[in-house]
Amino acid sequence: MPFVSTGHGPAPDDESGAGPRSSQPNISVAATDLAKTRRQLTDAGGANRLDAAGLRQVLVDLHEFWLTSKGAELGIKPGSGMAIVAVGGLGRGELLPHSDLDLILLHEDLSPERVSEVADGLWYPLWDANIPLDHSVRTVPQALQVAGDDITAALGLLEARHIAGDEDLSSLLIGGVRQQWRTDIRNRFPAVVDHARDRWRRSGDIAHRAEPDLKNGRGGLRDVQLLGALAIAQLTDGMANLRPDSPNAGPQVAYQRLLDIRTELHRIAGRAREQVRAQDADEIGAALGIGDRFDLARVISDAARTIGYSTDVGLRTAGNALPRRGLAKLRRSPIRRPLDEGVVEHNGEIVLARNAIPSKDPGLILRVASSSARTGLPISASTLSRLADYAPELREPWPSEALSDLLVLLGSGPHMVAPIEALDRTGLWGRLLPEWGAVRDLPPRDAIHTWTVDRHLVETAVYAGSMTTRVSRPDLLLLGALIHDLGKGRGADHSMVGAELAVQVGNRIGLWPEDVAILSEMVRHHLLLPTIATRRDLDDPATAEEVVETLRHKRVLLELLAALAEADSRATGPGVWGDWKASLISDLVRRATRLLDGDELVAPEPLTEEMIEVAESGDFGVRLSPADGVHTYSVIMVAPDRPGLLSKMAGVLALNGLRSHSANVAHHRGRAVNRFIVVPAFGEPPEAGLLRQQLIAAVEGKVKVLDRLDKREKDSPVPTIGTVTSSPGASTSGKPPDDPEAVAANAVPALFAVAPPRVLWAEAPAAGEVLMELRTDDRLGLLSRVSDVMEQAGARVRWAKVATLGSTVVDTFCLVLAEDTPAARESLAEKIVAVCPVPRPRTDDEDDGTGPASFGGTGRSGVPIS
């Protein structure tokens, strides 16, 4: 490790005080025995071969003995005013076979002649023996000054350890460096973060590199040393505590594994090397008893991701622990902003509400994760630890709220990566999906794959998130993307094994049996379209017929597989998805669609006896009752039918914090009878009587619902997705913010929609009616806003079926248009899209999945509905 000032060999007038080599007296060369022993230990094989940890310890003892003996010979003794201090590997007590000796000759302002004599006697034997050496000669004030000016030097000196000589002098340096570090950390912390990020940019992410840099990469050994430095500054406890049943058990175990691998890498390479090369991987794996190069890659990925997660937590914790500066000192303690039932934001992190009881709330894990994805805020390490210790497993099948929260998480695009990684590193993700263990950190067998299998699945879901409005079943698209390769790593055809696992997963999370069947077929046939499109003659009618027969004439399955093929390809690696492949698959889908029957038209749901009973009880009525799920309620609302009524009903629900998951809009004897399935944002729903009063006030014009929704959305401390930009300095990728105080000082950051809104048209069975389907990401009061747009345009809603699948809305309206022309439809669609959340602008290096290969503007069949 570099420190203070360094050198690898003698030079005229170097800082040690030594003159040219030819002018030096005859110096002992006993260090040649040290070098010989080093070689013997490194080359030893068979029964005499030391394991990695044993080799490091023997090397430490060997060099300490030589330095102590040589120091005594040169007069470096207690009370001499001189000391030998080690940093780097020797300082940490973990010297590797070909690591440099990082040494400081510390002196108490002795005469230059005396210092030069001792330095020559110490450095030259090591150089003559070809032992790599980084050396420095300093007084304590000189060393402190350099440590104060140079982050690298400071981080090195924080690991300093006394070897020989005047221990009080070494203690003065070690204690002084640590005190200086603690005193200056508030001002130096931004530079510390920048220093780490620069290193990560240069060396990359260890978990996803073909030849990872174990020392300097993200998730590597330097990161653990960084956490140690933050602990010395009293900003963190060192490394985040992970449960024993979490992947890799904890960062300390991960650190030891990487250190053992690096030790064997030195031994096998015969020199200092930090990158694990493919040609050495099998030998390293065999030496450590890990297995072949694929097994080694899995261990490295697992360890690096554990360390990377701990580093994120450590930097975030350190940033929050810093004393406030400027006007921030005058602010009161950060407030707790509610995000979901039992979930709040505090000091820029997702934490549990004070009244949350994890042991009695199995769905809390997914609400925490979905809140993190929706806001872009990281989950507090203490919250994860508490959930891991006390949250019970979800009963099977999952309640509908838990499935909805999972879909919200998966529909958040790239913002899902950080919370899923946090859950996975703390053992919670595997608790939700036990099948995940087989693919966790599983290296790909094909070089075109960028990610490990588990990360590839997450990345596929990220890309699928931008395609949810292309399909009629966005929920199945997201779930299929997440589990399509779940069968890998099990020694059989992963598509066939995965299809069986999909049934297992689908039943557990509470899908309907017909949806479980579609999910299983998605996984079984996820390679069907790319394989046939790129290997068969598309002009041959038998090709499209084979696809249709294989999918058993299921139009929705063809639509889902088309989107999944693109998401899977984009998540595989650069160049896997391109115009050529996109055009072939699009052509195949188009040909197969022509062979399918027409779309099955959506029909209104019949009125239930309860809806009729409420409708006949009076002009205005509201009945609220529990539905399936702990936090789910059914709300039946009745009022005399008139234009604008649906907007007002939906708006009243939204103003009371009731999120509509589905709705059935119907009529009975001159009254609108609408049934909503809702979930309260927090706590219990309001009384039915209060909702009835507000509905009457809205209908009579005493309450302007849309104006109140706009104000609520604008003033809300938790902005809705797609409505406002993120706060300055807020983190949206799990990384620490540039200004640790910015997140606490501002509102919770909002994210934009992931998929673009789409409006699709189809003819209704009855003359004069038309079907309009809206697919978009959700927004506060969206149904109220969309209904108002339609009613303002003179369109009458005959009936409607509304469904919110995670964060994606799929609403079907049967309309009677004031003027049914292509221009009128286009105008209405534009007005509806204007009130929907839209994806944020993409940067040049981002891929939103809607390029020339997209199936944009298509209906359930993959072609325009009208």
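Residues numbered from 1 in each chain as written. Predicted model: local features only at pLDDT ≥ 70, side-chain atom pairs only at ≥ 80, totals over all residues. Heavy atoms only, no water.

*Asks:* Could you clarify how one ought to interpret the overall build of the chain in this entry?
*Replies:* Of regular secondary structure, the chain possesses 31 helices and 15 strands. Per-residue burial for the chain yields a buried fraction of 58% across its 866 residues. Of all intrachain contacts in the chain linking residues separated by at least 6 positions in sequence, the fraction that spans at least 24 positions is 72%. Total accessible area on the chain stands at roughly 35000 Å², and carbon and sulfur atoms take up 50% of it. (Helix = DSSP H or I, 4+ residues; strand = E, 2+ residues; numbered from the N terminus. Buried < 20%, exposed > 50% of the residue type's maximum accessible area, 1.4 Å probe, protein only. Contact = heavy atoms within 4.5 Å. Areas by Shrake-Rupley, 256 points an atom, 1.4 Å probe, with all protein chains shown as cover.)

*Asks:* Even after reading the chapter, I still don't get the nonpolar core, so can you show me in this structure?
*Replies:* Side chains of nonpolar character tend, in soluble globular proteins, to be buried together. Judged by nonpolar contacts, the single largest core of 96 residues is most densely connected at M416, W429, W436, L529 and V547. The element best represented in this core is helix α23 (residues 555-572), accounting for 10 residues. When residues no more than four places from it in sequence are discounted, the contact partners of W429 are L406, L409, I420, L423, D424, W436 and L482. (Core = buried A, V, L, I, M, F, W, Y, C linked by side-chain atoms within 4.5 Å.)

*Asks:* Which parts of the structure should I look at to understand helix α21 (residues 528-535)?
*Replies:* Since the α-helix turns once every 3.6 residues, residues separated by three or four places project in the same direction. Residues of α21 that are buried: L528, L529, P530, I532 and A533. The inward-facing, buried residues of α21 contact α22 (541-550), α23 and α24 (579-594).

*Asks:* Before we go on, may I ask you to explain the pattern of salt bridges in this structure?
*Replies:* Between side chains of opposite charge, a pair can form as their charged atoms come close. Under the criterion given, the structure shown has 54 salt bridges. Of the charged contacts in the structure, one is a salt bridge between E117 and R114, with a shortest N-O distance of 3.8 Å. Within this pair, E117 and its partner R114 are both found in helix α4 (residues 112-128), separated by 3 residues, close to a single helical turn. Note on E117: relative accessible area 52%, which makes it exposed. With relative accessibility at 28%, the residue R114 sits in the partly exposed group. Via salt bridges that share partners, D302, R305, E421, D424, R425, R440, D441 and D454 belong to a single interconnected network. (Salt bridge = Lys/Arg side-chain N within 4 Å of Asp/Glu carboxyl O.)

*Asks:* In this structure, what is going on with the sheet that holds strand β6 (residues 343-346)? I would like to understand it.
*Replies:* What links the strands of a sheet is backbone hydrogen bonding, and the strands pair in either a parallel or an antiparallel sense. One open sheet holds the 3 strands; their spatial order is β5-β6-β7, and the pairing between them is antiparallel. Only two strands of the sheet have a single neighbouring strand rather than two, namely β5 (336-340) and β7 (349-352). Between one strand axis and the next, the sheet turns through 40° on average, direction left out of account. Note that β5 and β6 share 4 bridges and pair antiparallel. In the sheet register, P338 faces β6, and the bridge partner there is V344. (Pairing = 2+ DSSP bridges. Axes fitted to C-alpha atoms, helices over the stretch in contact; angles between N-to-C directions.)

*Asks:* Explain the packing of helix α20 (residues 513-524) against α23 here, please?
*Replies:* Where α20 meets α23, the closest approach of the two axes is 10 Å, and the angle between their N-to-C directions is 45°. Comparing their axes, α23 and α20 come out oblique. Crossing geometry of α20 relative to α23 is assigned as right-handed. Facing α20, whose interface residues are I518, E521 and M522, α23 presents V556, L557, L560, L561 and L564. When the residues that make up the contact of α20 with α23 are grouped by side-chain class, the tally is 7 nonpolar, no polar and 1 charged. (Parallel < 35°, antiparallel > 145°, perpendicular 65-115°, else oblique. Left-handed = near helix turned anticlockwise from the far one by under 90°. Nonpolar A, V, L, I, M, F, W, Y, C, P; charged D, E, K, R; others polar.)

*Asks:* Looking at this structure, how should I read unusual backbone geometry?
*Replies:* Across the chain, the bulk of peptide bonds are trans and the bulk of non-glycine residues have phi less than zero. With omega at -5°, the peptide bond leading from E396 into P397 counts as cis. Tracing the backbone shows P397 in the loop between α13 (381-390) and α14 (400-410). The phi dihedral of R552 is positive, around 55°, even though this residue is not glycine. As for its placement among the helices and strands, R552 is situated in the loop between α22 and α23. Classification of R552 by relative accessible area gives exposed; the value is 53%. A positive phi is found at H553, a non-glycine position, where the angle reads about 60°. Residue position: H553 is located in the loop between α22 and α23.

*Asks:* Help me out: how do you make sense of the packing of helix α11 (residues 293-321) against helix α15 (residues 417-425) in this one?
*Replies:* The relative placement of two packed helices comes down to the angle between their axes together with the axis-to-axis distance. Between α11 and α15, whose axes approach to 10 Å, the crossing angle comes to 110°. Considered as vectors, α11 and α15 are oriented roughly perpendicular to each other. Judged by the sense of rotation from one axis to the other, the crossing of α11 with α15 is left-handed. Packed against α11, whose contacting residues are D302, R305, T306 and Y309, the element α15 presents E421, A422, D424 and R425 at the interface.

*Asks:* How do you make sense of the side chain of T311 when you look at a structure like this?
*Replies:* You can see T311 is positioned in helix α11. On the accessibility criterion, T311 (1% relative accessible area) is buried. If sequence neighbours within four positions are ignored, T311 has contacts with W200, D223, L226 and L227.

*Asks:* Where do I start with the packing of aromatic side chains in this structure?
*Replies:* The relative placement of two aromatic rings is captured by the distance of their centres and the angle of their planes. Tallied over the full model, the rule gives 2 aromatic pairs. Each ring, one from W429 and one from W436, has its centre 5.8 Å from the other, and the planes form 90°; the classification is edge-to-face. We classify W429 as buried; its relative accessible area is 1%. Above the face of the F294 ring, R445 is positioned so that its terminal group lies 3.8 Å from the ring centre. One Lys or Arg, R455, reaches over the ring of W451 and ends 4.3 Å from the middle of that ring. (Phe/Tyr/Trp six-rings, centres within 6.5 Å; stacked < 30°, edge-to-face > 60°. Lys NZ or Arg CZ within 6 Å of the ring centre and 35° of its normal.)

*Asks:* Honestly, helix α8 (residues 221-232) in this entry has me stumped. Any pointers?
*Replies:* Between its terminal C-alpha atoms α8 stretches 17 Å, which fits the 16 Å expected from 12 residues at 1.5 Å a residue. In terms of burial, α8 is largely enclosed, as 10 of its 12 residues are buried. Next to the buried residues of α8 lie α3 (88-92), α6 (151-157), α7 (167-203), α9 (251-269) and α11. Looking one or two residues beyond α8, the residue adopting positive phi is Q234, at roughly 65°. (Expected span 1.5 Å × (residues − 1).)

*Asks:* What should I look at first to understand the sheet that holds strand β8 (residues 621-626) in this one?
*Replies:* An order of β8-β9-β11-β10-β14-β15-β13-β12 is seen for the 8 strands of this open sheet, with the pairing classed as antiparallel. A strand with exactly one partner marks an edge of an open sheet, and here the two such strands are β8 and β12 (758-763). With strand direction ignored, the average angle separating the axes of adjacent strands in the sheet is 20°. Alignment of strand β10 (residues 658-668) against strand β14 (residues 796-805), held across 4 bridges, turns out to be antiparallel. By the bridge assignment, N664 is partnered in β14 with K801.

*Asks:* Mind showing me how you'd approach the pairing of strand β11 (residues 671-680) here?
*Replies:* Remark: a regular strand shows side chains that alternate across the two faces of the sheet. Of all 10 residues in β11, 9 are buried, a share of seventy percent or more. Of the pairings in the sheet, the one linking strand β9 (residues 633-640) to β11 comprises 8 bridges and is antiparallel in character. Across the sheet, Y633 pairs through a bridge with V678, a residue of β11. In this structure, β10 lies alongside β11, joined through 10 bridges in antiparallel fashion. When the bridges of β11 are listed, H668 appears paired with R671. If you look at the hairpin formed by β10 and β11, you'll find 2 residues sitting between the two strands, and R669 has a positive phi there, around 50°.

Worth remembering: the numbers are spatial, not functional.
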